[in-house]
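# Working through the structure, step by step
Okay, here's what each chain looks like letter by letter:
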Amino acid sequence: LISATSLLLGTSITISSNHWMMAWVGLEINTLAILPLISKSHHPRAIEASTKYFLTQAAASTLLLFSSMTNAWFSGQWDITQLTHPMSCVLLTTAISIKLGLVPFHFWFPEVLQGSTMTTCLLLATVMKFPPITLFFLTSPSLNPTLLSLMAIASAALGGWMGLNQTQIRKVLAFSSIAHLGWMTIILIYSPNLTLTAFYLYTVTTSAIFFILNTTNTLKLSTMMTAWTKIPPLTTIFMLTLLSLAGLPPLTGFLPKWLIIQELTKQGLTIMATTITLLSLLGLFFYLRLAYCATITLPP
């Protein structure tokens with residue numbers, strides 16, 4: 001109960017704050033609240049995951065504090081929307097990328113998810129991403145477009161490639177999350193509202209997938225093949241949700257991608273839009289494999 005309340009509190013503080021210190025406090029409360037949830041199952045993997053999570057998040061929070069202090073030092077402003085100093089902008093982008101798990105700071109994310117239970121994975125993949133994305137949203141006018149675009153395309157590429165050879169479903173979902181973050185950050189500067197739209201739809205579909213996996217008690221691809229003999233209707237929903245997450249038209253997950261491609265083309269960034277679209281095909285491949293395993297393959 002304490003952990004859950006603290007999670008809500010930390011998230012609320014960060015997303016409603018106007019002052020950098022308050023945003024930092026909210027992020028810290030969040031980190032400390034989820035640590036007991038990760039290490040709850042007494043298992044070496046869980047302890048390892050919580051240690052990795054703690055170290056990365058602590059480093060990211062320190063960077064965030066440092067960037068806001070540098071900004072305050074040069075401009076005398078502690079207001080979140082008044083991020084003017086270029087050095088602070090780069091530091092803040094780095095800090096939030098570490099918090100979110102964007103490439104090249106993604107290493108901790110699949111490891112932590114692999115060591116957590118399904119419910120905690122759900123929190124890590126959705127709730128814990130909300131405060132950093134909100135900070136990105138608030139500071140979007142002053143961020144560096146080149147840096148963000150590079151990280152976004154790298155995330156989409158790596159999320160697709162690394163997801164291909166995984167058999168652990170939690171790791172596949174971790175890489176899918178990294179790929180989706182790429183889509184969210186590429187459009188951040190040009191249309192921040194689209195970033196939020198993409199994030200909300202991602203949250204809804206991922207939550208559905210995690211809940212289904214939790215119900216069928218599935219952790220690996222091989223156990224997923226027996227899932228449909230237990231609950232056929234649920235497996236059908238699972239398949240549709242996976243394909244929606246892959247962004248396959250005419251499902252809901254295609255909507256944010258369509259709008260993002262449209263916006264990028266309007267901004268004259270056709271090459272970038274083409275690149276990230278082609279990279280999302282890699283993701284589509286492993287979502288299809290998951291859907292195929294869950295619905296068409298019969299055990300043994």
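Every chain's residues receive numbers from 1 upward, in the order its sequence appears when written. A pLDDT threshold of at least 70 governs which residues receive local features in this predicted model, and a stricter bar of 80 or more applies before side-chain atom pairs are shown or counted, although totals over entire chains, interfaces and linings include all residues. Just so you know, side-chain values use all the structure's heavy atoms and leave hydrogens and water out.

Per an unreviewed UniProt entry, the recorded name for the protein is NADH-ubiquinone oxidoreductase chain 2, and the organism is Lepidothrix coronata. UniProt positions are given in the numbering used here, feature names are shortened, and annotations may be inferred rather than shown by experiment. Of the comments in the UniProt record for the protein, the one headed Sequence similarities (unreviewed entry) reads "Belongs to the complex I subunit 2 family."

### Some remarks on the pattern of salt bridges
Each reported salt bridge corresponds to a side-chain nitrogen of Lys or Arg within 4 Å of a carboxyl oxygen of Asp or Glu. Within this structure, the stated rule accounts for three salt bridges. The shortest N-O distance in the salt bridge between Glu48 and Lys52 comes to 2.8 Å. Of this pair, Glu48 and Lys52 both sit in helix α3 (residues 44-75), four residues apart, roughly one helical turn. Note on Glu48: relative accessible area 33%, which makes it partly exposed. The salt bridge partner of Glu111 is Lys52, with a shortest N-O separation of 3.3 Å. Residue Glu111 is found in helix α5 (residues 108-114), and its partner Lys52 is found in helix α3; the two are separated by 59 residues along the sequence. Here a helix means four or more residues in a row that DSSP labels H or I, a strand means two or more in a row labelled E, and each is numbered from the N terminus. In this scheme, a residue with accessible area under 20% of its type's maximum is buried, one over 50% is exposed, and one in between is partly exposed, where area comes from a 1.4 Å probe on protein chains only.

### Quick notes on the domain arrangement of the protein
With domains assigned, the protein is organised as domain 1 (1-116) and domain 2 (144-299). Residue ranges labeled as domains rest on an automatic or database domain assignment. Measuring from the centre of the C-alpha atoms in domain 1 to the corresponding centre in domain 2 gives 24 Å. The contact criterion used throughout is that any non-hydrogen atoms of two residues lie within 4.5 Å. Tallying the contact residues gives 16 residues for domain 1 and 16 residues for domain 2. Both sides together, the interface formed by domain 1 and domain 2 hides about 1500 Å², and carbon and sulfur atoms give 73% of it. It is Leu102, Val103 and Gln114 that lose the most area in domain 1 upon contact with domain 2, and together they represent 39% of the buried surface on that side. One can count zero salt bridges joining domain 1 with domain 2. N or O atoms within 3.5 Å of each other form a polar contact, as long as, within protein, one can give a hydrogen and the other can take it, and as long as residues adjacent in sequence are counted only when both atoms are side-chain atoms. Run the count over domain 1 and domain 2 and you get four residue pairs in polar contact (both at pLDDT 80 or more). Among the elements of the structure, α4 (86-100) and α5 are those that each provide at least two residues to the side of domain 1 that touches domain 2. Of the residues forming the side of domain 1 that touches domain 2, the biggest block, five residues, is contributed by α5. By buried area we mean how much accessible surface two parts lose on assembly, using a 1.4 Å probe and totalling the loss over both.

### What to know about the packing of helix α9 (residues 169-186) against helix α15 (residues 270-295)
Between two packed helices, what matters for the description is the angle formed by their axes and the separation of those axes. As a packed pair, α9 and α15 sit with axes 11 Å apart at the nearest point and diverge in direction by 160°. Between α9 and α15, the interaxial angle falls into the category roughly antiparallel. As α9 runs across α15, the sense of the crossing is left-handed. Of the residues in α15, those in contact with Ile169, Val172, Ser176, His180, Gly182, Trp183 and Ile186 of α9 are Met272, Ile276, Thr277, Ser280, Phe286, Tyr287 and Leu290. For this scheme, ten residues count as nonpolar: Ala, Val, Leu, Ile, Met, Phe, Trp, Tyr, Cys and Pro. Four count as charged, namely Asp, Glu, Lys and Arg, and the remainder, Gly too, count as polar. Here the residues of the contact of α9 with α15 sort into nine nonpolar, five polar and no charged. Simply put, an axis is a line fit to the C-alpha atoms, just over the touching stretch for a helix, and the angle between two N-to-C directions goes from 0 to 180 degrees. Roughly parallel covers angles under 35 degrees, roughly antiparallel covers those over 145, roughly perpendicular covers 65 to 115, and oblique covers all other angles. Here a crossing is called left-handed whenever its near helix is offset anticlockwise from the far helix by less than a right angle, and right-handed whenever the offset is clockwise.

### With respect to the side chain of Thr56
Relative to the helices and strands, Thr56 resides in helix α3. On the accessibility criterion, Thr56 (17% relative accessible area) is buried. Here the side chain of Thr56 touches Lys52 through a polar contact of 2.3 Å, landing on its backbone oxygen. Discounting residues that sit within four places of it in the chain, Thr56 has contacts with Ile98 and Trp108.

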